[in-house]
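Close look at the chain arrangement
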Amino acid sequence: MNLLKKLFNNRTVKNAWWMIAEQIVQMGISVVLGVLTARYLGPSNYGIINYCSAFVIFFTSISTLGLEGIVVKELVNGRDSEGEIIGTGLAMRLAASALSILSICLILLVLNPGDILVMKVGLIQSLVMLFRAFELMDFWFQSYLNSKYVAIIKSISYVLVAVYKIFILATDKSVEWFAFSTSLDFLIIAVLVTIAYYKKGGQALKVSIKRARALISQSYHFILSSLIITVYNQMDKVMIGQMLGDKYVGLYSAALTICNYWLLVPVAVINSARPTIMERKKTGDEKAYLANIHRLYFVLIWSSIVVSLGVSVLSKFILGILYGQQYAVASSVLSIAIWFTTFSVLGTARGIWIMCENLNEYVKKIVLWGAIINFVLNALLIPRLGINGAAIATLITQIFNCLFAPMIYKKTRIHTKYVVQAFLGKNIK
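Cut-offs used in this document
- Residues numbered from 1 in each chain as written.
- Predicted model: local features only at pLDDT ≥ 70, side-chain atom pairs only at ≥ 80, totals over all residues.
- Heavy atoms only, no water.
- Helix = DSSP H or I, 4+ residues; strand = E, 2+ residues; numbered from the N terminus.
- Buried < 20%, exposed > 50% of the residue type's maximum accessible area, 1.4 Å probe, protein only.
- Contact = heavy atoms within 4.5 Å.
- Areas by Shrake-Rupley, 256 points an atom, 1.4 Å probe, with all protein chains shown as cover.
- Axes fitted to C-alpha atoms, helices over the stretch in contact; angles between N-to-C directions.
- Parallel < 35°, antiparallel > 145°, perpendicular 65-115°, else oblique.
- Left-handed = near helix turned anticlockwise from the far one by under 90°.
- Nonpolar A, V, L, I, M, F, W, Y, C, P; charged D, E, K, R; others polar.
- Salt bridge = Lys/Arg side-chain N within 4 Å of Asp/Glu carboxyl O.
- pLDDT = per-residue confidence, 0-100.
- Core = buried A, V, L, I, M, F, W, Y, C linked by side-chain atoms within 4.5 Å.
- Phe/Tyr/Trp six-rings, centres within 6.5 Å; stacked < 30°, edge-to-face > 60°.
- Expected span 1.5 Å × (residues − 1).
- Patch = residues over 30% accessible without salt bridge, like charges linked within 9 Å, V, L, I, M, F, W, Y side chains within 5 Å.

Some points on the overall build of the protein
Regarding its fold elements, the protein presents 17 helices and zero strands. In the protein, buried positions account for 58% of the 429 residues. Summarising the internal contacts of the protein: among those between residues at least 6 apart in sequence, 83% fall at separations of at least 24. As presented, the protein carries roughly 17,900 Å² of accessible surface, and 67% of it is formed by carbon and sulfur atoms.

Okay, structure coming up:
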């Protein structure tokens, strides 16, 4: 707690704790119900859910339009235009989501001709993109370091979705009902966060073509980079599905799901830290700005290392207890994959530094290297090592993308130095 207080300021710490608490609630509910769902569906049906999810996640990187950090920055710098910023961003995201849903349906039709179940699951899951467009309201609360309302809303949604999942488990529903649970989650959040936005004095939403052009001019680098990141984050599941089958997608996904549970916490810390770091940069306090970055990286690195050590040692026990013996074979995947989380969260946090330094153009260049390496490694390792090969490919890719890719370019080279300094505990006082 003392270290968190030193990180930024008391208001940011309180905001971070609200976000972390919400993520812990989500994690707890997700672990219990995710385990029950995986056991109920079995590796094959669970594999179908995750196979279709890979395409949804891929197109989500397009439909979000890279606006996350851009919108927070715009809101911090332009309080008088909040309604226009959010309204324009929302309209852009809804349009992109509709086109993405259509694209997913067409791709699944081509790749899986005649497989009605895959088509239905893919369509149902893809609806989530429409509802996720309303995350822009969440960013408004973040920009004011007032995330407790969104945390409460998300916790309510998780409870309601939990009731829904318990119902479909108890009544022996088909896989399509499980596919709708994620969309239901974001639908509830979208409705409640919109109500909260207006209740807390949010400006009337407006749509501006000029504003849309301004947002795209800043975000298109992040759209491309997010797309590339998603390609190499999801290509392993797609390639496993094509090379090994749905069962192995399910086994691999079970291991990665446990890794993703942990990622919820550091991402909450990053989201809470973003407005404060941007504010320091805006005011020209370079010393405090860089100190905050080093402190954030220090917390992310060492908390992830501690968790990774624990999960690696207990991987077989964790999978056996949570998912049952039918998933225990994936314990080696979990022992390998958990280590990529350290480099993954640093890559996410790096986005703050890149925006503050106006180096957006380098994002897509850095992650493109990762995408190429990940594809080559998956193609080489999956046929030889199976799902363990996919985990090794992801780990190597994340290490390269975090530490070595920025060193290729002169203007981003110093970022690797910041990461190493944070690892050694320098400049965090």
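There's more to say after this.
Description of the packing of helix α4 (residues 82–111) against helix α5 (residues 116–126)
Following both chains from N to C, one finds α4 and α5 inclined at 165°, their axes separated by 10 Å at the closest point. The angle between the axes of α4 and α5 places the two elements in the roughly antiparallel class. Taken as a pair, α4 and α5 cross one another with a handedness that is right-handed. Contact with α4, carried on its side by Ile101, Ile104, Cys105, Leu108 and Leu109, involves Val118, Met119, Gly122, Leu123 and Ser126 of α5 and no other residues of that element. Looking at side-chain class alone, the contact of α4 with α5 contains eight nonpolar, two polar and no charged residues.

Overview of unusual backbone geometry
Phi angles above zero are rare outside glycine, and Asn358 is one such case at about 55°. Inspection of the secondary structure assignment puts Asn358 in the loop between α14 (340–356) and α15 (361–385). Exposure remark for Asn358: the relative accessible area of 55% places this residue in the exposed category.

Things to note about the pattern of salt bridges
Inspection of every chain in the model, using the stated rule, returns six salt bridges. Arg93 is the salt-bridge partner of Glu135, the closest N and O atoms lying 3.5 Å from each other. Of this pair, Glu135 sits in helix α7 (residues 135–143) while Arg93 sits in helix α4; the two residues are 42 residues apart in sequence, bridging distant segments of the chain. Residue Arg93 is classed as buried on the basis of its relative accessible area of 1%. Here Lys281 makes a salt bridge to Glu286, at a shortest N to O gap of 3.3 Å. Salt bridges sharing partners connect three or more residues here, namely Arg93, Arg132 and Glu135.

Here's the deal with the environment of Trp177
Examined against the element boundaries, Trp177 turns out to sit in helix α9 (residues 175–199). Distance from Trp177 to Tyr164, taken between C-alpha atoms, is 9.4 Å for residues 13 residues apart in sequence. Not counting the four nearest positions on each side in its chain, Trp177 is found in contact with Tyr164, Phe167 and Ile168.

Considering the confidence of the model for the protein
Considering every residue of the protein, the mean pLDDT works out to 80; 84% of them sit at 70 or more. The weakest mean pLDDT in the protein belongs to helix α1 (residues 2–7) at 50; the strongest belongs to helix α17 (residues 413–423) at 91.

As for the nonpolar core
Counting residues in hydrophobic clusters, the biggest one holds 96 residues, and the most contacted among them are Tyr252, Ile277, Leu296, Tyr297, Tyr323, Leu334 and Trp353. Element by element, the count of residues in this core is highest for helix α11 (residues 246–283), at 15 residues. With residues near it in sequence (within four places) discarded, Tyr297 still touches Leu346, Ala349, Arg350, Trp353, His415, Tyr418, Val419 and Ala422. Core analysis: the second largest hydrophobic core is formed by 17 residues, Ile85, Ile86, Leu90 and Phe139 among them.

Overview of the packing of aromatic side chains
Applying the stated criterion across every chain yields a total of eight aromatic pairs. Their ring planes at 20° and their centres at 6.5 Å tell us that Tyr164 and Trp177 sit as a pair that is stacked. Placement of the pair is Tyr164 in helix α8 (residues 148–170) and Trp177 in helix α9, with a sequence separation of 13 residues. You can call Trp177 partly exposed: its relative accessible area is 35%. Centroid distance Tyr362 to Tyr409: 5.6 Å. Interplanar angle 55°. Geometry classified as tilted. Of this pair, Tyr362 sits in helix α15 while Tyr409 sits in the loop between α16 (387–404) and α17, and the two are 47 residues apart along the sequence. For the residue pair Tyr362 and Tyr409, the accessibility class agrees, reading buried in each case.

Concerning the packing of helix α12 (residues 286–323) against α17
At their nearest, the axes of α12 and α17 sit 8 Å apart, and the two run at 60° to each other. The angle between the axes of α12 and α17 places the two elements in the oblique class. Helix-helix and strand crossings are classified by hand; for α12 and α17 the assignment is right-handed. Every residue of α17 that contacts α12 at Leu290, His294, Tyr297, Phe298, Ile301, Trp302 and Ile305 is listed here: His415, Tyr418, Val419, Gln421, Ala422 and Phe423. Of the residues belonging to the contact of α12 with α17, the class tally is 10 nonpolar, three polar and no charged.

Some remarks on the environment of Gln325
Mapped onto the secondary structure, Gln325 falls in the loop between α12 and α13 (331–337). Counting along the chain gives 286 residues from Gln325 to Arg39, while the straight-line C-alpha distance between them is 9.9 Å.

A short note on α12
Taking 1.5 Å per residue as the helical rise, α12 with its 38 residues ought to reach 56 Å, whereas the 48 Å between its terminal C-alpha atoms falls clearly short. Looking one or two residues past α12, Gly324 carries a phi angle of roughly 95°, positive in sign.

Description of a nonpolar patch on the surface
Taken together, Leu368, Ile372, Phe375, Val376 and Leu380 make up a surface patch of nonpolar side chains, about 450 Å² in accessible area. Inspection of the secondary structure assignment puts Leu368 in helix α15.

Things to note about the environment of Val345
Tracing the backbone shows Val345 in helix α14. Distance from Val345 to Leu264, taken between C-alpha atoms, is 9.9 Å for residues 81 residues apart in sequence. Look past the residues within four positions of Val345 in its chain and what remains in contact with it is Leu263, Pro266, Ile270, Leu300 and Ser304.

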